[in-house]
Amino acid sequence: MKKYLFVLLVSCFSMAVSAQQPPKLNEKSIVRDSTGFQYPYAIWTRLFQSGSYGIRTVRTQQAGETEFLLYPLSAADIARRMESLPEPRKSSAFRAGTKLANFKTVDMNGNKYSLKDLAGKVVVLNFWFINCPPCRQEIPELNKMVTRYKDNPDVIFLAIALDDASAIKDFLKTNPFTYQIVDRGQYLASQYRVRAYPTHVVLDRSGTIAFETEGLAMNTVYWIDKTIQEKLQEPGNL
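Predicted, not measured: the structure shown is a model, and the values here were computed from it.

Engineer: Which parts of the structure should I look at to understand unusual backbone geometry?
Structural biologist: Excluding glycine, residues mostly have negative phi values, and the peptide bonds linking residues are mostly trans. Cis geometry is adopted by the peptide bond preceding P198, which originates at Y197 and carries an omega value of -5 degrees. Mapped onto the secondary structure, P198 falls in the loop between α6 (186-191) and β9 (199-203). Positioned with a positive phi, R184 is a non-glycine residue whose angle comes to about 50 degrees. By secondary structure assignment, the location of R184 is in the loop between β8 (180-182) and α6. Even without being glycine, R193 reaches a positive phi, approximately 60 degrees. In this structure, R193 sits in the loop between α6 and β9.

Engineer: Just to check I follow, could you spell out the nonpolar core for this structure?
Structural biologist: A general feature of soluble globular proteins is that nonpolar side chains tend to end up buried together. F103, F127, W128 and I228 are the most contacted members of the largest nonpolar core, which totals 50 residues. For this core, the element with the most residues is strand β7 (residues 155-161), which contributes seven residues. One finds L25, V31, Y39 and I55 within the second-largest nonpolar core, a separate group that totals 10 residues.

Engineer: Before we go on, may I ask you to explain the sheet that holds strand β2 (residues 53-59) in this structure?
Structural biologist: The strands making up a sheet associate through hydrogen bonds between their backbones, and the pairing can be parallel or antiparallel. With mixed pairing, three strands are arranged side by side in an open sheet as β1-β3-β2. For this open sheet the edge positions go to β1 (30-32) and β2, each flanked by a neighbour on one side alone. Strand-to-strand, the axes of this sheet are offset by a mean angle of 30 degrees, without reference to chain direction. Sheet topology places β1 next to strand β3 (residues 66-72); three bridges connect them, and they run parallel.

Engineer: Sorry, what's going on with the side chain of S29 here?
Structural biologist: With respect to the element layout, S29 can be found in the loop between α1 (2-20) and β1. There is a polar contact of 2.8 Å between the side chain of S29 and the backbone nitrogen of N26. Once residues within four sequence positions are removed from consideration, S29 is found in contact with K24, W44 and F68.

Engineer: So what exactly am I meant to see when it comes to the pattern of salt bridges here?
Structural biologist: Close approach of charged atoms allows side chains of opposite charge to pair. On inspection of all chains with the given rule, the structure shows 12 salt bridges. For the salt bridge of E87 with K90, the shortest nitrogen-to-oxygen distance reads 3.2 Å. With a closest N to O distance of 3.9 Å, D164 and R184 form a salt bridge. Here the residue D164 occupies a position in the loop between β7 and α5 (165-174), and R184 occupies one in the loop between β8 and α6, the gap between them amounting to 20 residues. Taking the relative accessible area as the measure of exposure, D164 reaches 29% and is therefore partly exposed.

Conventions and cut-offs
Residues numbered from 1 in each chain as written. Predicted model: local features only at pLDDT ≥ 70, side-chain atom pairs only at ≥ 80, totals over all residues. Heavy atoms only, no water. Helix = DSSP H or I, 4+ residues; strand = E, 2+ residues; numbered from the N terminus. Core = buried A, V, L, I, M, F, W, Y, C linked by side-chain atoms within 4.5 Å. Buried < 20%, exposed > 50% of the residue type's maximum accessible area, 1.4 Å probe, protein only. Pairing = 2+ DSSP bridges. Axes fitted to C-alpha atoms, helices over the stretch in contact; angles between N-to-C directions. Polar contact = N/O pair within 3.5 Å; in protein donor to acceptor, adjacent residues only side chain to side chain. Contact = heavy atoms within 4.5 Å. Salt bridge = Lys/Arg side-chain N within 4 Å of Asp/Glu carboxyl O.

Don't take any of this as a statement about function, it's just geometry.
So this is what it looks like as structure tokens:
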């Protein structure tokens, strides 16, 4: 099962990356920042795909040679870019506007969660597993988002992992993930018929699905964050 999911998502992720890559660039392209530092292909592609950087053409003095400048985008530029992109792929397991069936679970720190007990809060769910490349790819941006809400008790972040606690603890040594993590979460994934990873769900204060998506697009985290902000502004409609 995991092998099938891995192949499926790598294929989808590869198509998403190729669609996001700027024209005329490839692994041999010369990409520098304003100081003249030349970035390796793996680094500049990751920075560009984060949505926080732009790339523009710079003509050099050598005939026919083209270099590219990687530059940070302003907050306003990032928002405009994210809004201009298509909305992330809808989830095949969840549907916006419907109530999520109740769940009960315990995270790796022994904290207990019940959807009924979380009424009045905005709940953010992430279904993932360690050997899922796009799941790992998005973690740094997810961590930044969690930091923005660290002082807000009305937002709960839960990561439902398919892996066991031992594997997750080893993974976290080099890959910090600041969601509250539920290990061996296959029973929850099965309960909701989640088959594509990563899958994200944002619930409003009444437990209604406000946003859902599967796979990873450049603006996935932007849409999660945007939905959280919108739902925090709404009064509790329990």
